[in-house]
Amino acid sequence: MTSNSDSQTSGVDWEAESSTFDDEPDHGLRDPLVRESWAARLRGWLPERASDVLDLGCGTGSLSLLASEQGHRVTGVDLSPSMVSHARAKLAGRDAVFLVGDAASPPVGEERFDVVLVRHVLWTLSEPGRVLRHWRGLLRPGGRLVLVEGVWGTVSPVGIPVDRLTALLAPLAEDIRVERLSEDARLWGREVDDERYAVVAVPL
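All residue numbers refer to position in the chain's written sequence, counted from 1. Only residues with pLDDT of 70 or above have their local features reported here, since the model is predicted, and side-chain atom pairs are shown and tallied only from 80 upward, although totals for entire chains, interfaces and linings are computed over all residues. Computation of side-chain values covers all heavy atoms of the structure but excludes hydrogens and water.

S.K.: Whenever I open this one, the packing of aromatic side chains confuses me. Can you help?
M.R.: Within a pair of aromatic rings, the relevant descriptors are the distance that separates the centres and the angle that separates the planes. Note on aromatic pairs: the rings of Phe, Tyr and Trp (six-membered ring only in Trp) are paired at centre separations within 6.5 Å, and the planes decide the class, stacked below 30 degrees, edge-to-face beyond 60, tilted for the rest. Taken as a whole, this structure holds 3 aromatic pairs when the rule is applied. Ring centres of Trp38 and Trp45 lie 6.3 Å apart, and the angle between their planes is 70°; on these two criteria the pair is classed as edge-to-face. The buried label applies to any residue whose accessible area, calculated with a 1.4 Å probe on protein chains only, is under 20% of its type's maximum; exposed applies above 50%, and partly exposed to all values in between. Residue classification places Trp38 among the buried positions, given a relative accessible area of 0%. Classification of Trp45 by relative accessible area gives buried; the value is 1%. Put simply, the rings of Trp38, Trp45 and Trp188 pair up and form one aromatic cluster. Charge-over-ring placement is defined geometrically: NZ (Lys) or CZ (Arg) within 6 Å of the ring centre, and within 35 degrees of the ring normal. When the ring centre of Trp38 is taken as origin, the NZ or CZ atom of Arg119, which lies over that ring, is 4.6 Å away. Directly above the aromatic system of Trp188 lies the positively charged group of Arg196, at a separation of 4.5 Å from the ring centroid.

S.K.: Before we go on, may I ask you to explain helix H5 (residues 81-90) in this structure?
M.R.: Note: α-helices contain 3.6 residues per turn, so residues at a spacing of three or four share the same orientation. In this description a helix means any DSSP run of H or I spanning at least four residues, a strand means any run of E spanning at least two, and both kinds are numbered starting from the N terminus. Of the residues making up H5, those classed as buried are Met83, Val84 and Ala87. Projected down its long axis, H5 carries its buried residues within an arc of 95°, all on one side. What the arc describes is the spread of directions from the helix axis to the C-beta atoms.

S.K.: Where do I start with the nonpolar core in this structure?
M.R.: The nonpolar side chains of a soluble globular protein tend to be buried with one another. Here, nonpolar core refers to any group of buried Ala, Val, Leu, Ile, Met, Phe, Trp, Tyr and Cys residues whose side-chain atoms link them within 4.5 Å. Among the nonpolar cores identified, the biggest contains 30 residues, and Val116, Trp135 and Leu165 are the most heavily contacted of them. Elements represented by at least two residues in this core include exactly strand E1 (52-56), strand E4 (113-119), helix H6 (128-136), strand E5 (139-152), helix H7 (162-169) and strand E8 (195-203). Broken down by element, the residue count for this core peaks at 4 residues, all from E5. Contacts are assigned to residue pairs with any non-hydrogen atoms lying within 4.5 Å of each other. Apart from residues lying up to four places away in sequence, Trp135 is in contact with Leu56, Ala103, Ala104, Pro106, Val116, Val118, Leu122, Leu125, Leu145 and Leu147. Of all hydrophobic cores here, the second largest spans 21 residues; its members include Trp45, Leu46, Val53 and Ala67.

Right under this line is the structure:
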């Protein structure tokens, strides 16, 4: 879930976090109920046919693994070499490639994808509008952005509210669907009371 430190506002050392990253229920997806809850959501967000999925800020590859298990070809990108190492081990033998690089400007050349999947990354970037335009350019015609975001904390909340994200997407997408995720405790391994959501957007 990491991007370039030059554009990051989270202040987290993701390389240092890599060894314990999967300890969070929604990161490692080690609990069968949490895992199946994310798998079910992905089935609704990703195409039914086998597709090329670009998982940006992929972390240790937990969502990449679910997408691969559902028959998709996955390319994952993360700035942290340790995160990428974990992801490569997790998906060893599968149709998946993991690259060290900036999620805001991934090192995929002219390659195009059916899905750009991003979880808990956009909020860390200082120019989310510009980044969304770049991500749109990575999609094939008919492709989609799948963005899982939220606002966390009460005293000093961090994140990106859904209204702001949908406003940024409005000039770029003809179809924007929002799913509220806060109420589904199975996704997080516990009850949560902050704003968590997913946006599936099909660009113009």
